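# Analysis of the macromolecular model
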Amino acid sequence: MSELLIVDNDKQCRKEVCAIIQESKYSFLSIYESSTAHRGMLLLKQSKPSALMIDISLPDTDGIAFGKIALQLYPDLPIIVMTQLKMFELVQSSINAGFLGYLLKPLSKNELIETLDRVLIPVLSKSINQVMKSNEEPFTADLKNPIGSAIQYMQIYYSEPLTLKGVADKVYLSPSYFSKMFKEETGMTFVEYLSFVRVQKAKSLLRMSTLPIEVIANNAGFANSGYFATTFKKLTGITPSDYREQFHLEAEQGLTISSGGV
């Protein structure tokens, strides 16, 4: 589950953060709040969140000290510091502690979302990728069916930066011969088929989740959301956002018809 933990004694600030997130593409996040470090540490130990937001001035401890302890528990936990104090020393201390974001109060909506984009997208993409990969069968090359093996490999490792040469090496063929065989057997070039696979994987995530388009693009193996949107529209005729909206609309209509027929 994707979770955000906010540890801040400033109730109004916590309320503002929640409001901004609930109206953004990160509305799927489950948000947990704490006004003290003690309570926040209990929540941290119960479950690792996708990100932690902490105020530097907590009533029962120093926020930077709290963040350092959090990183001892979860070394890869993204931490965002919030404070009303505009001091270079605090920024430097946050960076030295390994925190990934520093926001001044009162919070700017754009700065908060931009910070979440930077720290959350890699984390969410990695998490999704691990879940999806756990359901895949391990790859074993069948030298009697090199193109079938190549297709299996692309289906498993689609999110990685695949190249024609790299996949050809996996099935022990020269790049030129592999390219020729691949086109003959699939009717597509290597690049065309890889784009097709990635778009199919993205469709599944668009249907099953409310994850931001950037996260889905990253998880599906596209270099950026712009290239993803262009490729998606080229293959499907609509944008990723329109596809998601259309699917949910059809699903709602299907439920309405089903309920009306009972």
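All of the points below concern the structure found in this document.

Reading guide: rules and limits
- Residues numbered from 1 in each chain as written.
- Predicted model: local features only at pLDDT ≥ 70, side-chain atom pairs only at ≥ 80, totals over all residues.
- Heavy atoms only, no water.
- Pairing = 2+ DSSP bridges.
- Helix = DSSP H or I, 4+ residues; strand = E, 2+ residues; numbered from the N terminus.
- Axes fitted to C-alpha atoms, helices over the stretch in contact; angles between N-to-C directions.
- Core = buried A, V, L, I, M, F, W, Y, C linked by side-chain atoms within 4.5 Å.
- Buried < 20%, exposed > 50% of the residue type's maximum accessible area, 1.4 Å probe, protein only.
- Contact = heavy atoms within 4.5 Å.
- Parallel < 35°, antiparallel > 145°, perpendicular 65-115°, else oblique.
- Left-handed = near helix turned anticlockwise from the far one by under 90°.
- Nonpolar A, V, L, I, M, F, W, Y, C, P; charged D, E, K, R; others polar.
- Expected span 1.5 Å × (residues − 1).
- Arc of directions from axis to C-beta.
- Polar contact = N/O pair within 3.5 Å; in protein donor to acceptor, adjacent residues only side chain to side chain.

Right, let's talk about the sheet that holds strand β4 (residues 79–83) for a bit. The five strands lie next to each other as β2-β1-β3-β4-β5, forming an open sheet whose pairing is parallel. Each edge of the open sheet carries a strand with a single partner, namely β2 (30–34) and β5 (101–104). Geometrically, the sheet is characterised by an average inter-axis angle of 20° between neighbouring strands, direction not taken into account. Here strand β1 (residues 3–7) pairs with β2 via five bridges, running parallel.

In this structure, Val-17, Tyr-26, Met-53, Leu-116, Leu-120 and Phe-228 are the most contacted members of the largest nonpolar core, which totals 37 residues. Counting residues per element, the ones that place at least two in this core are β1, α1 (11–22), β3 (51–55), β4, α5 (109–134), α9 (190–208), α10 (213–219) and α11 (225–236). Among the elements that take part in this core, α5 stands out by supplying seven residues, more than any other. The contacts of Leu-120, once residues within four sequence positions are left out, are Tyr-26, Leu-29, Ser-50 and Ala-51. Counting residues in each nonpolar core, the second largest holds 21 residues, with Met-41, Leu-52, Ile-54 and Ile-79 among its members.

A word on the packing of helix α2 (residues 37–46) against helix α3 (residues 63–73). It is at 11 Å that the axes of α2 and α3 come closest, and there the two elements cross at 15°. For the element pair α2 / α3, the angle class is roughly parallel. In this structure, α2 crosses over α3, and the sense of that crossing is right-handed. Between α2 and α3, the contacting residues are Ala-37, Gly-40, Met-41, Leu-44 and Lys-45 on the first element and Phe-66, Ile-69, Ala-70 and Leu-73 on the second. Split by residue class, the contact of α2 with α3 holds seven nonpolar, one polar and one charged.

What follows concerns α11. Helix length check: α11, at twelve residues, gives a terminal C-alpha distance of 16 Å against a target of 16 Å (1.5 Å per residue), a fit within 8%. Listing the buried residues of α11 in full gives Phe-228, Thr-231 and Phe-232. The buried residues of α11 occupy an angular sector of 100° when projected down its axis, which confines them to one face. Within α11, the exposed residues directed more than 90 degrees away from the buried face are Thr-230 and Lys-234. With a side-chain oxygen positioned 3.1 Å from the backbone nitrogen of Gly-226, the residue opening α11 is Asn-224.

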